[in-house]
Amino acid sequence: MWRAAWLCALGALLSAGPGLATRTVRGRYNQTLAVPCGRAAPPELLFVKWKYENPDGSAVFMAFRKNSTVKYENLPEYAGRLELGPDFTLSIAGARVSDERRLVCMLVTEDNVYEEPTAVRVFKTPARPQIQGQAPFLPAGELAMLGECVAQDSYPEANLTWYKDGKPLEPADGTVLIEPSREQDPASRLHTVRSILSYQASKETAGARFTCSATSQGPEGPESETSEPAAFEVHHPTQQLSIDTVPPAGTYKEGDNITLSCSADGNPPPQEFVFYFPGNDKGTPGKSSITLTDLRRSGSGGYTCGLADTSLTSPAIDVTVHYLDLSMSPNGSVTRLVGDALQVTCTPISSEKASVVWMKDGIPLPSQPSFASLQYKDAGTYSCESILTARGLKKMQTLSITVEGKPRLKVSKEANKDGKTKTVTCQVEGYPKATVRWVGSNGQDLNGTKETDYANHKFSSKLTISPAENATLTCIAENRVDRTALSINVSAINIPEPDEPEEEAKDGDQRASDQAKLVVGIVVGLLLAALVAGAAYWFYSKRVKAGPRSADKELGNGEETKALDENNHKTEA
C-alpha cells in the first residue's frame, strides 16, 4: 500500500508544471541561500523531497528526508553545498548564478503530494569600477578619449554612467561620446561591463572631477558603486598674458631695482617671454621674470611682456621712477668783496613737488638768503636741502661764501695814567687779516706794537710811546685785497692832547683813485714841509741850548721827521 502511494506521488511530481511557483528567494552570490519549504508538514506526512526543474520541464531530484534520515542526490553542481533541515528548509552554500532556477518542495502523504515551488534569484554587485587608460592630458577644443570605465563581475549586468563634477554626462555630437561594451564569463556567468568616454575639453575643464558609477540590481533593490575621481590637465594655447612688478609699481625711485614677472593662461605655460619697457622697443628675451637694476627716470612708462612667436602682449603696467635733482647757483666756494651783490638760487628738479630748506652753518634759515650788499657777517657755509619725503629722496648742495675786503682803519690816542706815555691804537677791520706796521714821522717802522685777538674780522694794533715833541704816526694795514694807511698827530708828552674825535679811514677814502691820493699828498706835503721846517729850526735852536732828549732818539731828528712826513703824505691819502 505504501509503495503504491509513493509511486502515485512520484507520478504527480514528475507531471507538476512550472506555473506553480509563487515565491522568490533572493540571495547574494557566493553566500548561502536558504529556501523554505513554504508549507507546514501535514500530520500524515511520509517524507519530503526537493527537486528543480529544467527549462524543458523535466525534474531533477536533489534531496530526500524522512524523519531524521536525509539523503542527497549525486548532483555535481550541488556537491557538498546542500543541507536539508528539520523544518524542510533547503540551504545552498556558495550561491552561484547557475543556482537561479525553480525549486519545488514536495510533501508526500499516503493520499496526496503537496508541492511548494520557489524561484531562486542570485545577485552579484560588481567590484568598484575603475577608470583605466586615463589620458595624460586633454587637448582643448578636440574630442579625445578621456579613459575607460570598467566594472567587473556583476550579475545581473551593471549599468555604467559617467559624471563630471557630479553631473551625469549624456552623449552629445562632437563633445561627448560614450561607447559601452560588455562581456560574460562562460563559467561564472558574471558580467564585466565597460564604457569608453571621449570628451571635448575647454580650458575651463581643468580641475574638473570625472567619475564613473556602476549600478546593478541587488537583493533589496538597485545598488551603486562609484570610481575614484579623475582630474585632467587641459592643454590649450595662451590667450592672455599679464605682467607684475616687484616691488609693486609706484614705489620706485632712481637707483632701485625692479623685477618683472610675466605669466600666461596657456597650459603648459610658456617658458620663454619677451619683455618690453621704455627705451627697449625690440624687447628683451627672458624666462618668466627678469630684474632691471639701477632704475633711471627714463624708465618711467609702460611695461609689457609677450611671446616671441606671436604678436600677443600683456596689458601695460605703468611704472613711475621718482627722482630728485638739485641745481644750486653758484655752488662750491665763492669769494666776493664787501659790498658786492650776490644772487643765490636753489632749484629742485623732481618727479613731484619737493620742499626746500636753507641752513647756514647748520642753523635753519627762515627763507632763501639774498645778498644785495655782502658784509662780513654773510660769510659762511650755506646748504640747500630738498626732500621728497614720501619717496625717501633727499639731496643737498652747499655754498661756501668768503667775503673779503681791504683793511678799514680807525686810529685813536690817549694819555696814560703814568703821565709819561701815550698809547695810539689802530683798529683794523678786514678779511683776510691784514699785516699792520706803524711808521713814525721819519718814515721808519716803529717797534713794540701789540695786537689784540682777531675776532669778527677785527683786531687792534697798539703802540705806547713817550714823545718828546709833536709827531705824526701812520698805521699801515695790508692784505691781499688792498693796502690802507691812516695817520694821527700825537703831541709831545708835556703838551696835553686836545679833545679830538677818532680818525677813521672811510670807505670813500679807501676807494679813492691813486691820482686823487697823489694830489692831496702833494698839497698836504707842501704844508707839512713848511711846518716841519719851522719846527726843525725851533728844535735845533733849543737843542743847542738844552742838549738832546730821549724822544728825539725815538722819533728821529727834524730832518728825519720832515723826510718821513713828506714820504708818508706822498704815498698815503
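Residues numbered from 1 in each chain as written. Predicted model: local features only at pLDDT ≥ 70, side-chain atom pairs only at ≥ 80, totals over all residues. Heavy atoms only, no water.

The name that an unreviewed UniProt entry assigns to the protein is Ig-like domain-containing protein, with the source organism given as Pleurodeles waltl.

What follows concerns the overall build of the protein. The secondary structure content of the protein amounts to five helices and 44 strands. Expressed as a percentage of the 573 residues in the protein, the buried residues total 39%. Across the protein, contacts joining residues at least 24 apart in sequence account for 62% of those joining residues at least 6 apart. Of the roughly 31100 Å² that the protein leaves accessible, carbon and sulfur atoms contribute 50%. (Helix = DSSP H or I, 4+ residues; strand = E, 2+ residues; numbered from the N terminus. Buried < 20%, exposed > 50% of the residue type's maximum accessible area, 1.4 Å probe, protein only. Contact = heavy atoms within 4.5 Å. Areas by Shrake-Rupley, 256 points an atom, 1.4 Å probe, with all protein chains shown as cover.)

The topology assignment puts Trp50 in strand β3 (residues 45-53). Aside from chain neighbours lying at most four places away, what touches Trp50 is Val35, Pro36, Cys37, Phe61, Met62, Ala63, Leu84, Phe88, Leu90, Leu103, Val104 and Cys105. Looking at Trp50, its side chain comes within polar contact range of the main-chain oxygen of Phe88, at 3.0 Å. (Polar contact = N/O pair within 3.5 Å; in protein donor to acceptor, adjacent residues only side chain to side chain.)

Moving on, we come to the state of the cysteines. Counted according to the given criterion, the structure contains five disulfides. Shown here is the disulfide that connects Cys262 with Cys305, its sulfur atoms set 1.9 Å apart. Taking the torsion about the sulfur-sulfur bond, which here is approximately 65°, the covalent link between Cys262 and Cys305 counts as right-handed. Taken together, the positions of Cys262 in strand β23 (residues 258-264) and Cys305 in strand β27 (residues 301-306) put the pair 43 residues apart, joining distant regions of the chain. We note that Cys262, like Cys305, is buried. Note that Cys426 is cross-linked by a disulfide to Cys475, the S-S spacing being 2.1 Å. Between Cys426 and Cys475, the S-S dihedral sits near -80°, and the bridge is therefore left-handed. Highlighted residues: Cys426 in strand β37 (residues 422-431) and Cys475 in strand β42 (residues 471-478), separated in sequence by 49 residues. On the accessibility criterion, Cys426 (0% relative accessible area) is buried. For Cys475, a relative accessible area of 0% gives the class buried. Of note for the protein: the bonded cysteines, numbered N- to C-terminal, pair according to 1-2, 3-4, 5-6, 7-8, 9-10. (Disulfide = S-S within 2.5 Å.)

As a further point, take the sheet that holds β42. Across a sheet, strands are paired by hydrogen bonds formed along the backbone, either parallel or antiparallel in direction. With antiparallel pairing, the four strands of this open sheet are ordered in space as β39-β38-β42-β43. Edge strands, defined here as strands with exactly one partner in the open sheet, are β39 (445-446) and β43 (483-490). (Pairing = 2+ DSSP bridges.)

Further remarks concern the pattern of salt bridges. Opposite charge on two side chains permits them to pair, given that their charged atoms come into close proximity. Taken as a whole and judged by the stated rule, the model has 24 salt bridges. For Glu115, the salt bridge goes to Lys51, with nearest N and O atoms at 3.6 Å. With Glu115 in strand β9 (residues 113-123) and Lys51 in strand β3, this residue pair connects regions lying 64 residues apart in the sequence. Here Glu115 matches Lys51 in class, with each residue buried. (Salt bridge = Lys/Arg side-chain N within 4 Å of Asp/Glu carboxyl O.)

In this section: the side chain of Thr192. Structurally, Thr192 can be placed in strand β16 (residues 191-200). You can call Thr192 buried: its relative accessible area is 9%. Beyond its immediate chain neighbours, meaning those up to four positions away, Thr192 contacts Val150, Ala151, Gln152, Asp153, Ser181, Arg182 and Glu183.

Before going further, it helps to spend a moment on the nonpolar core. Of all hydrophobic cores here, the largest spans 23 residues; its most connected members are Trp50, Tyr52, Met62, Tyr78, Leu90 and Leu103. Secondary structure elements with two or more residues in this core: β2 (33-35), β3, β4 (59-66), β6 (82-84), β7 (90-92), β8 (102-109) and β9. Each residue touching Tyr78, except ones within four places of it in the same chain, is listed here: Tyr52, Met62, Ile92, Asp99 and Arg101. In terms of nonpolar packing, the next biggest core, distinct from the first, is built from 18 residues, Val411, Cys426, Trp438 and Leu446 among them. (Core = buried A, V, L, I, M, F, W, Y, C linked by side-chain atoms within 4.5 Å.)

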